[in-house]
Amino acid sequence: AFALVILVLEVSWFISIVCLPEDRRLFGIKSKAKLSPVWGIVACLTHVLCTRFFDIDWLAPALWRGQAATLMGFEALGLFFLVAGVDKVARLPICGRALAQLLLSRGWCR
């Protein structure tokens, strides 16, 4: 079930890339590129935490479902950033402007 949801999110992201204007495409690609290393770190930490501290076997279905849920969350976030665009992300409450500036910055994840 998680694999199907992740597939739908990924296909929706690619369809949105084709259909949206160039400024949103650029913001969506930049934000996805900057989310990827964060997802990698979270996935590694989840694996280490579950296998080392909680003694969960690395082949256990619960660990795989947890990793899939993590990937699904990051895919949904990437799709949200693409569809919303920089203007709507900047208007998010609390840290929207800082998040938009971080996702647009050139110094991180070239």
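Residues numbered from 1 in each chain as written. Predicted model: local features only at pLDDT ≥ 70, side-chain atom pairs only at ≥ 80, totals over all residues. Heavy atoms only, no water.

A. Structural detail: the overall build of the chain. Regarding its fold elements, the chain presents four helices and zero strands. Counting helices and strands in the order they occur from the N terminus, the chain gives α-α-α-α. Projected onto its principal axes, the C-alpha positions of the chain cover 45 × 30 × 25 Å. The 110 residues of the chain split such that 29% are buried. The contacts of the chain with a sequence gap of at least 6 include a subset with a gap of at least 24, amounting to 65%. Accessible surface, the chain as shown: approximately 7,400 Å² in total, 72% of it carbon and sulfur. One finds the centroid of the 12 positive side-chain charges in the chain at a distance of 9 Å from the centroid of its 7 negative side-chain charges. (Helix = DSSP H or I, 4+ residues; strand = E, 2+ residues; numbered from the N terminus. Buried < 20%, exposed > 50% of the residue type's maximum accessible area, 1.4 Å probe, protein only. Contact = heavy atoms within 4.5 Å. Areas by Shrake-Rupley, 256 points an atom, 1.4 Å probe, with all protein chains shown as cover. Lys, Arg positive; Asp, Glu negative; His and termini not counted. Charge placed at Lys NZ, Arg CZ, Asp CG, Glu CD.)

B. Fine view of the packing of helix 2 (residues 22–53) against helix 4 (residues 96–104). Where helix 2 meets helix 4, the axes come as close as 8 Å, and the angle between the chain directions of the two elements is 90°. Between helix 2 and helix 4, the angle is such that the two are roughly perpendicular. Residues Phe 27, Lys 30, Ser 31 and Lys 34 of helix 2 form the contact with helix 4, whose own contacting residues are Ala 100, Leu 102, Leu 103 and Leu 104. A class-by-class count of the residues in the contact of helix 2 with helix 4 yields five nonpolar, one polar and two charged. (Axes fitted to C-alpha atoms, helices over the stretch in contact; angles between N-to-C directions. Parallel < 35°, antiparallel > 145°, perpendicular 65-115°, else oblique. Nonpolar A, V, L, I, M, F, W, Y, C, P; charged D, E, K, R; others polar.)

C. Structural view of helix 3 (residues 61–90). Look at helix 3: only 38 Å from first C-alpha to last across 30 residues, short of the 44 Å you get at 1.5 Å a residue. The sharpest bend along helix 3 comes to roughly 95°, located at Ala 84. (Expected span 1.5 Å × (residues − 1). Bend = angle between axes of the 7 residues up to and from the residue.)

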